[in-house]
Protein chains: 2
Amino acid sequence: MDFRIEDISPEEISRRLSVVEPLTESVRRLIDAVIRTEVDDAELIAATERIDQVVQTLRSRQRDGSFGTPYTPTFIGMPWGNAAVGARNAIAPPLQIRTESGVAECEMVLGAAYEGPGGCVHGGVAALMLDQLVGEAASTDGLPSFTGTLTVRYLRPTRLGALSARAEVTGREGRKTFVHATLSDDDGVTVEADAIMIAPKGFALPGGEVLPHPATAQEEN
Amino acid sequence: MDFRIEDISPEEISRRLSVVEPLTESVRRLIDAVIRTEVDDAELIAATERIDQVVQTLRSRQRDGSFGTPYTPTFIGMPWGNAAVGARNAIAPPLQIRTESGVAECEMVLGAAYEGPGGCVHGGVAALMLDQLVGEAASTDGLPSFTGTLTVRYLRPTRLGALSARAEVTGREGRKTFVHATLSDDDGVTVEADAIMIAPKGFALPGGEVLPHPATAQEEN
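Every value quoted in this text rests on a predicted model; they were computed, and no experiment measured them. (Residues numbered from 1 in each chain as written. Chains lettered and ligands numbered in written order. Predicted model: local features only at pLDDT ≥ 70, side-chain atom pairs only at ≥ 80, totals over all residues. Heavy atoms only, no water.)

**Q** In this structure, what is going on with helix 1 (residues 10-36) of chain A? I would like to understand it.
**A** For helix 1 of chain A, built from 27 residues, the straight-helix expectation of 39 Å at 1.5 Å per residue is met to within 8% by its first-to-last C-alpha distance of 38 Å. Along helix 1 of chain A, the helix axis deviates most sharply at Ser18 of chain A, where the bend reaches about 30°; the proline Pro22 of chain A sits within four residues downstream. (Helix = DSSP H or I, 4+ residues; strand = E, 2+ residues; numbered from the N terminus. Expected span 1.5 Å × (residues − 1). Bend = angle between axes of the 7 residues up to and from the residue.)

**Q** Please clarify how the interface of chain A and chain B should be interpreted in this entry.
**A** In many reports, interface size means the accessible area that the parts give up when they come together. The interface is formed by 83 residues belonging to chain A together with 83 residues belonging to chain B. For the pair chain A and chain B, the summed buried surface comes to about 7,600 Å²; carbon and sulfur atoms form 58% of the total. Seen at the junction of chain A and chain B, the total is 8 salt bridges. Notably, a salt bridge pairs Arg63 of chain B with Glu38 of chain A, separated by 3.9 Å at the nearest N-O pair. Here chain A is connected to chain B by 41 residue pairs in polar contact (both at pLDDT 80 or more). Going through the elements one at a time, helix 1, helix 2 (41-58), helix 3 (123-138) and strand 5 (146-154) of chain A are the ones with two or more residues in the side of chain A that touches chain B. With 15 residues, the top contributor of residues to the side of chain A that touches chain B is helix 1 of chain A. Residues of the side of chain A that touches chain B, tallied by class, amount to 37 nonpolar, 26 polar and 20 charged. Two strands pair when backbone bridges link them, and strand 5 of chain A and strand 5 (residues 146-154) of chain B are joined in this way by 5 bridges, in the antiparallel orientation. Pairing of Thr149 of chain A across the sheet is with Arg153 of chain B, part of strand 5 of chain B. (Contact = heavy atoms within 4.5 Å. Buried area = accessible area lost by both parts, 1.4 Å probe. Salt bridge = Lys/Arg side-chain N within 4 Å of Asp/Glu carboxyl O. Polar contact = N/O pair within 3.5 Å; in protein donor to acceptor, adjacent residues only side chain to side chain. Nonpolar A, V, L, I, M, F, W, Y, C, P; charged D, E, K, R; others polar. Pairing = 2+ DSSP bridges.)

**Q** How should I be thinking about the UniProt feature "domain: Thioesterase" (unreviewed entry) in chain A in this particular structure?
**A** The residues that UniProt annotates with the feature "domain: Thioesterase" (unreviewed entry) are residues 118-191 of chain A. With 22% helix and 49% strand, residues 118-191 of chain A has end C-alpha atoms that lie 17 Å from one another. (UniProt positions renumbered as here; feature names shortened; annotations may be inferred.)

**Q** Before we go on, may I ask you to explain the packing of aromatic side chains in this structure?
**A** Aromatic ring pairs are described here by two measures, namely the spacing of the ring centres and the angle between the planes. All names here are of chain B. In total, this model carries 2 aromatic pairs over all chains according to the counting rule given. With 6.1 Å between their ring centres and 25° between their planes, Phe67 and Trp80 make a pair best called stacked. Taken together, the residues Phe67 in the loop between helix 2 (41-58) and strand 2 (69-71) and Trp80 in the loop between strand 2 and strand 3 (98-100) connect sequence positions 13 residues apart. Look at Phe67 and you get buried, because its relative accessible area is 5%. Above the plane of the ring of Phe67 lies Arg4, whose end atom (NZ or CZ) is 5.4 Å from the centre. (Phe/Tyr/Trp six-rings, centres within 6.5 Å; stacked < 30°, edge-to-face > 60°. Buried < 20%, exposed > 50% of the residue type's maximum accessible area, 1.4 Å probe, protein only. Lys NZ or Arg CZ within 6 Å of the ring centre and 35° of its normal.)

Printed below as a string of structure tokens:
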């Protein structure tokens, strides 16, 4: 996997986000509007041309490949391309996750773009959000970890709308971390998940001591 | 869950798709471009304004709520808002799934918008795609079914790019259908999943005979 260091200040991070977040929000509204619009064909065709023009401008200067996961030298992560939390990724709601030791929580509003069965959250979207959350709960001690196994149980359909999610570490065993997570609406839990997270071998020192952060094993793209 | 009947011909379906698919493709390119662009702030701000204008036009006439899952009276489904396969949903790649009895297969190209770890497919995105596939494999006999439990095992990281996926029914037991699925790159399987799918109770007649299709239990939105 690709890591890279980008040496910018917290102020520069905030400045960049202040420009790119409104753009991504605008694209999120566009995704929703394309699903729900009932304007006539001529307007749909005109919209296509206008969006193509914006794409052409944005592509006039762009990075090769995906955004990757840059970190500052002080280990501030910028996962802005991430499909669940990315500030530049319109697929992401984005989840705004709060973490404390072994726990990750967030609220989210999932609209028309996250639909599976009519009026309900796609089961796979629920899995996507919970996968992100279990990863963040398992990583709150600074040790990166990746999902080994994710078991998702759908207790009942989850209506589109305002939801909350929570993940909590329930145990550790060598390189494995066990995490339990839930997705809930106002009436309670709709989906629950259990994950076995794995810390990558590369991050444990020969003596068994664990390195603090993925950036220590950076590879240049 | 919401079902509705829309009485349109296959020709009208094709005509509508011929207009809306290019629009959705354009939005997919836009999502990718916003993640990868390196144009300056003034251009990002100008892009935001131009997209906002398109959104305003599209929203001048739109349906309330999500797209839902309309069917024709002859049971042709139009899940165009679906997060994995929706022709109008720019979050969906969209998966173009081929089905035969108990089997669902597709190829897909997952680009920058589907990233989790740097350069790799988000584990939750893999789960989303496999969840859709197991649902379609379980439903090839016309009986709708919803995911009860989905267990996803990540064998190794999945690089962004061209992938294939396959799901196959491995057994049935009352209302339960068991499905095994895999996501693969050129070197073989990267993620595997096992699902227990559940046919909704509402679709079984009192005598135990199962109704052929969700549209028979439609609710108006």
